[in-house]
Amino acid sequence: TGVQTCALPISVFEGLIPFIILFCIFKLLKKIPKGLITSIFLINYSIVRFLIEYLREPDVQIGIKYNLFTQGQILSIPILFIGLIILYSCLYNKK
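Residues numbered from 1 in each chain as written. Predicted model: local features only at pLDDT ≥ 70, side-chain atom pairs only at ≥ 80, totals over all residues. Heavy atoms only, no water.

### Focus: the packing of aromatic side chains
- According to the stated counting rule, one finds 2 aromatic pairs in the structure shown.
- Aromatic side chains Tyr-88 and Tyr-92 sit 5.1 Å apart centroid to centroid with 40 degrees between the ring planes, which places their arrangement in the tilted category. Of this pair, Tyr-88 and Tyr-92 both sit in helix 3 (residues 71–92), 4 residues apart, roughly one helical turn. (Phe/Tyr/Trp six-rings, centres within 6.5 Å; stacked < 30°, edge-to-face > 60°. Helix = DSSP H or I, 4+ residues; strand = E, 2+ residues; numbered from the N terminus.)

### Observations regarding the side chain of Gln-73
- Mapped onto the elements, Gln-73 comes out in helix 3.
- Within the structure, Gln-73 has its side chain in polar contact with the backbone oxygen of Phe-50 (distance 3.0 Å).
- Gln-73 has contacts with Phe-50, Glu-53, Tyr-54 and Leu-68, leaving out every residue within four places of it along the chain. (Polar contact = N/O pair within 3.5 Å; in protein donor to acceptor, adjacent residues only side chain to side chain. Contact = heavy atoms within 4.5 Å.)

### Remarks on the pattern of salt bridges
- Within the structure shown, the criterion is met by 1 salt bridge.
- With a shortest N-O distance of 3.8 Å, Glu-53 and Arg-49 are connected by a salt bridge. With respect to class, Glu-53 is no different from Arg-49; both count as buried. (Salt bridge = Lys/Arg side-chain N within 4 Å of Asp/Glu carboxyl O. Buried < 20%, exposed > 50% of the residue type's maximum accessible area, 1.4 Å probe, protein only.)

### Topic: the environment of Leu-16
- Among the secondary structure elements, Leu-16 is positioned in helix 1 (residues 10–28).
- By relative accessible area, Leu-16 is classed as partly exposed at 41%.
- Once the C-alpha coordinates of Leu-16 and Tyr-45 are considered, the two residues, 29 residues apart in sequence, prove to be 9.9 Å apart.

### Quick word on the packing of helix 2 (residues 36–52) against helix 3
- Viewed as axis vectors pointing N to C, helix 2 and helix 3 meet at an angle of 155 degrees, and their least axial separation amounts to 8 Å. It follows from the interaxial angle that helix 2 and helix 3 lie roughly antiparallel. Two packed elements cross with a definite hand, and for helix 2 against helix 3 that hand is left-handed. (Axes fitted to C-alpha atoms, helices over the stretch in contact; angles between N-to-C directions. Parallel < 35°, antiparallel > 145°, perpendicular 65-115°, else oblique. Left-handed = near helix turned anticlockwise from the far one by under 90°.)

Right under this line is the structure:
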């Protein structure tokens, strides 16, 4: 007989956690500067995806890059920087 393993629904966590955090922030803020929601979503999504990738099993065809990161973690780093750039432009470039 084979051993049964329990798989976590990682894609559900990956989509649900950023949505819940973004919804809470949206409800707490009354006046939201243009672009703030986008920047918070990108920052939040990239951090959650980076952390959730530790729970996932790496793809067989891609594997782990540099013996440390998965492809999803590497792709989430530029998303984080884009979100930070948008956040900076929203908060500090007031006309």
